[in-house]
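# Chains, contacts and geometry: an overview
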Amino acid sequence: MAVTAPTPPPPQITFNSVHVEGPYIALTFDDGPNPTLTPKLLDLLAAHHMKATFFVIGQNAADHPDILRRAVREGHEIGNHSWSHPNLAKMSDEAARRELQKTEDAIVAAIGKKPTLMRPPYGSITANQKRWIHDEFGYRIIIWDVDPLDWKRPGPSVVTSRILKETRPGSIVLSHDIHPPTIEAMVATFNQLDAKGFKSVIVSDLIAMAKPLPPKPSPTPRASTAPAASPGAVSTPPVPINTPGG
């Protein structure tokens, strides 16, 4: 009797972080390019030999294609962040499709190749949208696990301390290259990430480094003369993905 091989799991579409071996992280910047701030950020990244992924707004990409070309020349990655930053989860599929297609067209016009990643504004996207966006555009959906809430402009030192506190190997760090205090914060942030030994790579490279999660060790049985009380289940809260960031 023939044995049916198990069906392999479907490819992962959505990433908040990546399990990697080594001190690798992905710095990501949303909502640009900004004509003055993004070039300053590119200068800082170059000085630290760091790579980043820029999730660009289509309107800004169309207005500043030269900045996208510079970013790609310097080894960075461009992702689709919609044309006008709407909440995709509240839109019809056709309206969301137009947002993504117009932005992809602007990116292709600027750098000559299609993006492979997208980040939904606010991290807001439905399960159905994830499926058809992946099927139609080939995009992986990139969220984040480190959010310094820099869009609230809490001050550069606060942005830096939040990133340093939350970043782990495999983290996807969210920031925005449209706020002057964020660019100011990156000076100390990059210095301290360097000091901790972190290496920032583009998101696609971080995903390519993914390793299977190690199996959880089996609990060691304990001898007991009386039945132990069953502890309550511990619930780990999910990473919030519908925040005003992104």
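First things first, this report covers the structure right here in the doc. (Residues numbered from 1 in each chain as written. Predicted model: local features only at pLDDT ≥ 70, side-chain atom pairs only at ≥ 80, totals over all residues. Heavy atoms only, no water.)

### Let's talk about the pairing of strand β4 (residues 77–80)
Here β4 shows a buried face lined by Glu77 and Gly79 and a second buried face lined by Ile78 and Asn80. Inspection of the sheet shows strand β3 (residues 52–56) paired to β4 by four bridges, in the parallel sense. What sits directly across from Phe54, in β4, is Ile78. (Buried < 20%, exposed > 50% of the residue type's maximum accessible area, 1.4 Å probe, protein only. Helix = DSSP H or I, 4+ residues; strand = E, 2+ residues; numbered from the N terminus. Pairing = 2+ DSSP bridges.)

### Points about the side chain of Asp150
Looking at the secondary structure, you find Asp150 in the loop between β6 (140–142) and α6 (156–166). A polar side-chain atom of Asp150 sits 2.9 Å from the main-chain amide nitrogen of His176. A polar side-chain atom of Asp150 sits 2.7 Å from a polar atom in the side chain of Thr182. In this structure Asp150 touches Val159, Leu174, Ser175, His176, His179 and Thr182, once residues within four positions along its chain are discounted. (Polar contact = N/O pair within 3.5 Å; in protein donor to acceptor, adjacent residues only side chain to side chain. Contact = heavy atoms within 4.5 Å.)

### Looking at the nonpolar core
General note: in soluble globular proteins, nonpolar side chains tend to be found buried as a group. Residues Leu27, Phe29, Leu41, Leu45, Phe54, Met186 and Phe190 are the most contacted members of the largest nonpolar core, which totals 32 residues. Of all elements in the fold, only β2 (24–30), α1 (37–47), β3, α3 (65–73), α4 (93–111), α6 and α7 (180–195) reach the threshold of two or more residues within this core. Residues contacting Phe29, with those up to four places away along its chain left out, are Leu41, Ala52, Thr53, Phe54, Phe55, Ser175, His176, Asp177, Met186 and Phe190. Grouped together as the second largest cluster of nonpolar side chains are 26 residues, Phe15, Leu117, Val201 and Val203 included. (Core = buried A, V, L, I, M, F, W, Y, C linked by side-chain atoms within 4.5 Å.)

### Considerations on unusual backbone geometry
A cis amide bond links Gly32 to the next residue, Pro33, at an omega of 0°. Relative to the helices and strands, Pro33 resides in the loop between β2 and α1. Unlike most non-glycine residues, Asp31 shows phi in positive territory, near 85°. Relative to the elements of secondary structure, Asp31 occurs in the loop between β2 and α1. Asp31 gets classed as buried once you look at its relative accessible area, which sits at 11%. For Arg153, which is not glycine, the phi torsion reads 50° and is therefore positive. Note on placement: Arg153 falls in the loop between β6 and α6.

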